[in-house]
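Here is how the chains run, residue by residue.
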Amino acid sequence: QQQVKQSPQSLIVQKGGISIINCAYENTAFDYFPWYQQFPGKGPALLIAIRPDVSEKKEGRFTISFNKSAKQFSLHIMDSQPGDSATYFCAAKSWRSRLTFGEGTQLTVNP
Amino acid sequence: GAGVSQSPSNKVTEKGKDVELRCDPISGHTALYWYRQSLGQGLEFLIYFQGNSAPDKSGLPSDRFSAERTGGSVSTLTIQRTQQEDSAVYLCASSFSSSDYRTDTQYFGPGTRLTVL
């Protein structure tokens, strides 16, 4: 059972554009939503995370938007750069469940 | 400080052979996880170790897969009688197991790329 669904599978954006990756979850017990970034040949690394008591969290060019009623959250990368080219995973967790990952989005930012 | 290390970085084996993959977690981290990442796929949970507790093996795909963690530190994932569908990147992660589960960040190693011919 896939509890966290992520889209799109791949995304191509021009330098300076906005990259948007969407995730939806089913388990209403989830209360922590991190995003991981993975570069080729490396393991995923925590990028940014949000709790459901806020609707938005921003760190630099990266913003998470959270819609609790719709059970959806998204990652926005503003002013996308070629160095942002990587695979991005959304994830979700509750006090009684381990981290559950989405399928991943391969982002390519063209110069 | 040193991060999570995994060895070997690449492993090519023949169908039917056994393989062992090693993970050295960050010192002081009591939780250790193994994941499998197939080409273009997400992270598939395999097994979870927490301190001296019995491991959570619920993600192991078959009885050909096993893992152990010695002395609460180094872990070895063993795949017996490898099959071509076992080809994937095997990732290890560790965490401190802080009291706030939400901020208990998992730190990943670079993975072992397994190719079964």
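Residues numbered from 1 in each chain as written. Chains lettered and ligands numbered in written order. Predicted model: local features only at pLDDT ≥ 70, side-chain atom pairs only at ≥ 80, totals over all residues. Heavy atoms only, no water.

**Section: the sheet that holds strand β6 (residues 56–59) of chain A**
Residues and elements named next belong to chain A.
Part 1 of the argument: Taken in spatial order, the five strands line up as β1-β3-β8-β7-β6 in an open sheet, and their pairing is antiparallel. Strands with a single pairing partner mark the edges of an open sheet, and in this sheet they are β1 (4–7) and β6. For this sheet, the mean angle separating the axes of adjacent strands, direction not counted, is 15 degrees.
Part 2 of the argument: Of the pairings in the sheet, the one linking strand β7 (residues 62–67) to strand β8 (residues 72–77) comprises six bridges and is antiparallel in character. Pairing of T63 across the sheet is with H76, part of β8. (Pairing = 2+ DSSP bridges. Helix = DSSP H or I, 4+ residues; strand = E, 2+ residues; numbered from the N terminus. Axes fitted to C-alpha atoms, helices over the stretch in contact; angles between N-to-C directions.)

**Considering the interface of chain B and chain A**
Part 1 of the argument: In this complex, chain B contributes 20 residues to the contact, which on the side of chain A involves 20 residues.
Part 2 of the argument: A combined buried area of about 1600 Å² lies between chain B and chain A, and 52% of that area is made up of carbon and sulfur atoms.
Part 3 of the argument: If you sort the residues of chain B by the area they bury against chain A, B:L43, B:Y101 and B:R102 come out on top, with a joint share of 38%.
Part 4 of the argument: Counting every contact that joins chain B to chain A gives two salt bridges.
Part 5 of the argument: Salt-bridge contacts for B:D100 lead to A:R51; the nearest nitrogen and oxygen are separated by 3.2 Å.
Part 6 of the argument: Classifying every residue of the side of chain B that touches chain A by side-chain character gives seven nonpolar, nine polar and four charged. (Contact = heavy atoms within 4.5 Å. Buried area = accessible area lost by both parts, 1.4 Å probe. Salt bridge = Lys/Arg side-chain N within 4 Å of Asp/Glu carboxyl O. Nonpolar A, V, L, I, M, F, W, Y, C, P; charged D, E, K, R; others polar.)

**Brief notes about the state of the cysteines**
Residue and element names in this part refer to chain A.
Part 1 of the argument: Throughout the structure, instances matching the rule amount to two disulfides over all chains.
Part 2 of the argument: Paired through a disulfide, C23 and C90 show a sulfur-sulfur distance of 1.9 Å. Since a negative S-S torsion denotes a left-handed disulfide, the C23-C90 link at about -95 degrees is left-handed. Here C23, found in strand β3 (residues 19–25), pairs with C90, found in strand β9 (residues 86–94); they are 67 residues apart in sequence, far enough to count as distant. Just as C23 is buried, C90 falls in that class too. (Disulfide = S-S within 2.5 Å. Buried < 20%, exposed > 50% of the residue type's maximum accessible area, 1.4 Å probe, protein only.)

The analysis is restricted to geometry; functional conclusions fall outside its scope.
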